[in-house]
Structures are given as structure tokens and as C-alpha cells.
Amino acid sequence: MKVLRSLFGEAKSSFLFRLIGSRGLPCSQAIHTSCPLSRRKRISEFRRTSVFLDEGVASLPVNLYNDKVVELPDENTLQRLFNGIPYEQVPILHCHFTKNNTKLALFSVKNELLLKHTCQTEGFRNAKKHTTVAGQVTTLAMCKSIKRDGYRAIRLAINGLGPGRTPAIQTIQKEQIPIISITETTSFHPFPPRPQKMRRT
């Protein structure tokens, strides 16, 4: 009874004592306190003695910009020269990535179409248009056209989350076409439209 009082207090210990006495159960079968208490003690000692290191504490420093100075745009950016061309006269490459296609179009500042490439113009038909290979080949053809026509720099406008998005950007970087700016034009709807009702079967 003293052990029960020390563990559970006066009210609970009297109830447990009556329960044990009425059923005639030995204390080891009625109350299991030794194993949980010892397990809790072991866990708390382990947590107190163990040293948890943050992830990446001993890692090497990563330089994302290769020692280039990244300047934010200001009021003089529009008149600033990039490869001898003012920023406001640099053509814009619009990249539209859908789940079924990849479309690339180069526009001038006056919104005139200069170049256009899609997966279909590169020979991909039907289900092959929404593959990553199709997006990569289309971007490679666009990069060759940009170099052929002598455009020294471009501005990039990305729209969509299709499968050709990542390979297209990687291809532009590998072809070493100077990118002045990258703009994300993907639309975001906080309250999207109601979906279509389920098809009857």
C-alpha cells in the first residue's frame, strides 16, 4: 500500500488496492510500473548525453554565383547596357511549358514575333510531345536559331510547370546564351475554378 501511495497518490492507490484485493491478483500482474519507468529513464538519459548536430554543419561552403556580383534592379536598369544593348531593347524569349507540349517564342520589345519553335515543328507527334527529350530538342533548335540570327543576349520569361521546363533551362545554360533576367509568369489562382463533375460509367 505504501508503494502504491508513493506512485499514484491517496485516491488512486486505495482504488487499486481494492481492485487487487478483490480479485486476488498479484501486484506484478495488476500494475506494470517497473518496465515503463525504466524505459523512460533510459530514453531521457540517452537524450541528455547524446549530441545532435545540425545537418550541414561540417559541409563545405557553396558558391552559387561563381564569384559574380548579383545586382538587384534599380531605376537605371532600363538604360544599362548588356553586351552593348540597352536592357529595354533586349529580346524576350517566352517559354510556355504545358503538360502536353513545350512552346518557345522570341519576341522583340515591340511585341513582334522573331522566332518560334514547338515540339511539333521539331518532329514530335502526339504523346511524344510531352516528354523531356522533346523539350530539350526544341530548346536546342531555338538556341541555334538565336545564335544564327546574331542575338547577343535574351530575357527569359517562363510560364508553366510542364516536363520540359528543367531540361529547357539547362539546355540554354549549356549553349552559353547570355541571359539578362529570368521572369516567372506562371499564373497562380488562390481560388481555382470548380472542377468538372465526375464522368458517369
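To be clear, the structure that these remarks concern was listed above.
Residues numbered from 1 in each chain as written. Predicted model: local features only at pLDDT ≥ 70, side-chain atom pairs only at ≥ 80, totals over all residues. Heavy atoms only, no water.

**Examining helix H5 (residues 132–149)**
Phase 1 of the analysis: The end-to-end C-alpha distance of H5 is 26 Å, a good match for the 26 Å that 18 residues give at a rise of 1.5 Å each.
Phase 2 of the analysis: Burial in H5 covers these residues: Ala 134, Gly 135, Thr 138, Thr 139, Ala 141, Met 142, Cys 143, Ser 145 and Ile 146.
Phase 3 of the analysis: The inward-facing, buried residues of H5 abut strand E3 (92–97), strand E4 (102–107), strand E5 (113–118), strand E6 (154–159) and helix H6 (165–174).
Phase 4 of the analysis: Phi turns positive, to about 85 degrees, at Gly 150, one or two residues after H5. (Helix = DSSP H or I, 4+ residues; strand = E, 2+ residues; numbered from the N terminus. Expected span 1.5 Å × (residues − 1). Buried < 20%, exposed > 50% of the residue type's maximum accessible area, 1.4 Å probe, protein only. Contact = heavy atoms within 4.5 Å.)

**Quick word on the pattern of salt bridges**
Phase 1 of the analysis: With the rule as written, the count across this model stands at three salt bridges.
Phase 2 of the analysis: Its salt-bridge partner being Asp 149, residue Arg 148 comes within 3.2 Å of it at the nearest N-O pair.
Phase 3 of the analysis: Of the residues examined, Asp 149 reaches a relative accessible area of 37% and is grouped as partly exposed.
Phase 4 of the analysis: Between Glu 184 and Arg 165 there is a salt bridge, with its nearest N and O atoms 2.6 Å apart. In this pair, Glu 184 sits in strand E7 (residues 179–184) while Arg 165 sits in helix H6, placing the two residues 19 residues apart along the sequence.
Phase 5 of the analysis: Since its relative accessible area comes to 44%, Glu 184 is described here as partly exposed. (Salt bridge = Lys/Arg side-chain N within 4 Å of Asp/Glu carboxyl O.)

**Comments concerning H6**
Phase 1 of the analysis: Taken residue by residue, H6 has Arg 165, Pro 167, Ala 168, Thr 171 and Ile 172 as its buried positions.
Phase 2 of the analysis: Looking at the packing, one finds that the buried side of H6 touches E3, H5, E6 and E7.
Phase 3 of the analysis: Where H6 terminates, the next one or two residues include Gln 176, which has phi positive at roughly 60 degrees.

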